[in-house]
Amino acid sequence: MKLAAVLLAAGKGTRMKSDRAKVLHRVAGRPMIEYPVMLARALEAERVVCVLGHQAEAVQAALSSRFGEGAFEVALQTEQRGTGHAVLQAMPALSGFDGHVLILYGDVPLLTAGLLRRLVEASRDRLVALVTMRVADPTGYGRIVRDTEGRLVKIVEHKDATLDERAIDEVNAGLYCVRADFLGPALAGLSTDNAQGELYLTDIVAQAATRESVASVSASAEEVMGINDRAELAKADSIMRGRVTLDLMKSGVTIHGPETCFIEHGVVVGPDSEIGPLVQLRGATRIGAGCLVEAGCIVTDAVLEDGAHLKPYTVVAESRVGAGAHVGPFAHLRPGSDLGADVKIGNFVETKKARLGKGSKASHLTYLGDAEIGADVNIGCGTITCNYDGYQKHKTVIGDGAFIGSDTQLVAPVTVGANAITASGTTVTQDVSPGALALARVKQTEIPGYADKRRRREEARRKELADKAGKAK
């Protein structure tokens, strides 16, 4: 069946109390409008038309960044005159289309592909198919009115409903699949003769019912939940993250305390990896097989290759951690860090635009920025690359097998050759030849008796202060 999709996303969302368009607020790391667009694409919709209004340029830019310019079309609804009016704005973009049209919403991110496939299938030989649900409190919803034989006759909006109709607990979820050649004429026949003076999309159902060509499928309230305020946003976020962790666990990933983890939609984790409690995995993060990410780690737009190990409370952003590498605890890999296989980055080590070759290690209390470090290099405790002169960043290069002694300062730009050694406490300001020892520190001197003299001076000072205080009394 040929499909197109229309996404209604023109509203401001005043109940969000935000300067940002409602559909740009994030659910599990993605603007909520991305989810229905992803579903439409997953169902192979030939055309996707987004009806935008408030902050249309910002919403379009976000979608273009995610899906590309040609993945959707935009129709503008400059004034809000109801859902029927919104769909009317999309009709020019559907000119010539002769399939079925899915009508979705930009603020309903929890839809599933399974529900939409059932909706599409129900519409196969009908003019209109729609989604309904049963709720304990139907206040505010359009009521599903059926005849004595259970056939759907019409939808009545809450404000237009009689007392008997308001008692109906089956309500309209607002999702439709409509035959394209029926949709245009049906929209043209809408009237504003209702309590809100708007063009109700729901009125097309009554038109189809007169031809006995309406079908419905049921859904849970969770699947079709719309987001109107921050509380509903938080609820949807929690539900979506729960789906993400459940899918990962079903794929062979162990997650300890999944309810405590924040794993964004789209993150990839390989089988037999383990994720500890309180972990956050964000953006385009990709984690290989057999990895271990321990408690409290935050990983953003990063790649962990097979067997990598992040120890507790490590932060990794826009970096790569090679196979079998160990990082942390309390380490920070800033953007551009690239760790080769079996590298070890220990506690309180920070890297930025630093590339470390296979088997190299910096075990503790070190800063490596703008550095090219070869294989099997040992970086001693307290080492720093002095990469910024106040105006520009400069690079440090360390060759394979070098040994950098503790408390070495490498003043970039500088190169330490392969297998060279820097002595502890050395400030390296010139290149070090391969295999050489660099030693640059003040010669130690000794003053006999200095400690005793200093102690006697301090005791005399304190006695003088005490005497003055006594006389003052």
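Structure shown above.
The rules behind the values
Residues numbered from 1 in each chain as written. Predicted model: local features only at pLDDT ≥ 70, side-chain atom pairs only at ≥ 80, totals over all residues. Heavy atoms only, no water. Helix = DSSP H or I, 4+ residues; strand = E, 2+ residues; numbered from the N terminus. Rg over C-alpha atoms; globule rule 2.2 N^0.38 Å. Buried < 20%, exposed > 50% of the residue type's maximum accessible area, 1.4 Å probe, protein only. Contact = heavy atoms within 4.5 Å. Areas by Shrake-Rupley, 256 points an atom, 1.4 Å probe, with all protein chains shown as cover. Lys, Arg positive; Asp, Glu negative; His and termini not counted. Charge placed at Lys NZ, Arg CZ, Asp CG, Glu CD. Patch = residues over 30% accessible without salt bridge, like charges linked within 9 Å, V, L, I, M, F, W, Y side chains within 5 Å. Salt bridge = Lys/Arg side-chain N within 4 Å of Asp/Glu carboxyl O.

**Digging into the overall build of the protein chain**
Scanning the protein chain for helices and strands turns up nine helices and 37 strands. Expected size for 473 residues packed as a compact globule is a radius of gyration near 23 Å; at 33 Å, the protein chain overshoots this value by more than 25%. By principal-axis analysis of the C-alpha atoms, the protein chain measures approximately 110 × 70 × 40 Å. Scored against the burial criterion, the 473 residues of the protein chain give a buried share of 48%. In the protein chain, once contacts between residues fewer than 6 apart in sequence are set aside, the share between residues at least 24 apart is 42%. Of the roughly 22800 Å² of accessible surface on the protein chain, a fraction of 50% belongs to carbon and sulfur atoms. For the protein chain, the centre of its 56 positive side-chain charges and the centre of its 57 negative side-chain charges are spaced 9 Å apart.

**Digging into a nonpolar patch on the surface**
On the surface, Leu 278, Tyr 313, Phe 330, Phe 348 and Leu 365 cluster together to form a nonpolar patch covering roughly 520 Å² of accessible area. Along the chain, the position of Phe 348 falls in strand 27 (residues 344-356). Phe 348 sits in the partly exposed class, given a relative accessible area of 49%.

**What to know about unusual backbone geometry**
Note on backbone geometry: most residues besides glycine have negative phi, and most peptide bonds are trans. In this chain, Gly 328 is followed by Pro 329 through a cis amide linkage whose omega measures 5°. One can find Pro 329 in the loop between strand 24 (326-327) and strand 25 (332-333). Backbone torsion omega between Ala 412 and Pro 413 reads 5°, so that peptide bond is classified as cis. Assignment of secondary structure puts Pro 413 in the loop between strand 33 (409-411) and strand 34 (414-416). At Glu 44, a residue that is not glycine, the phi angle is positive and equals roughly 60°. Counting through the fold element by element, Glu 44 comes out in the loop between helix 1 (34-42) and strand 4 (47-52). Taking the relative accessible area as the measure of exposure, Glu 44 reaches 66% and is therefore exposed. If you check the backbone angles, Leu 278 has positive phi at about 65° while not being a glycine. Tracing the sequence through the fold places Leu 278 in the loop between strand 15 (274-275) and strand 16 (280-282).

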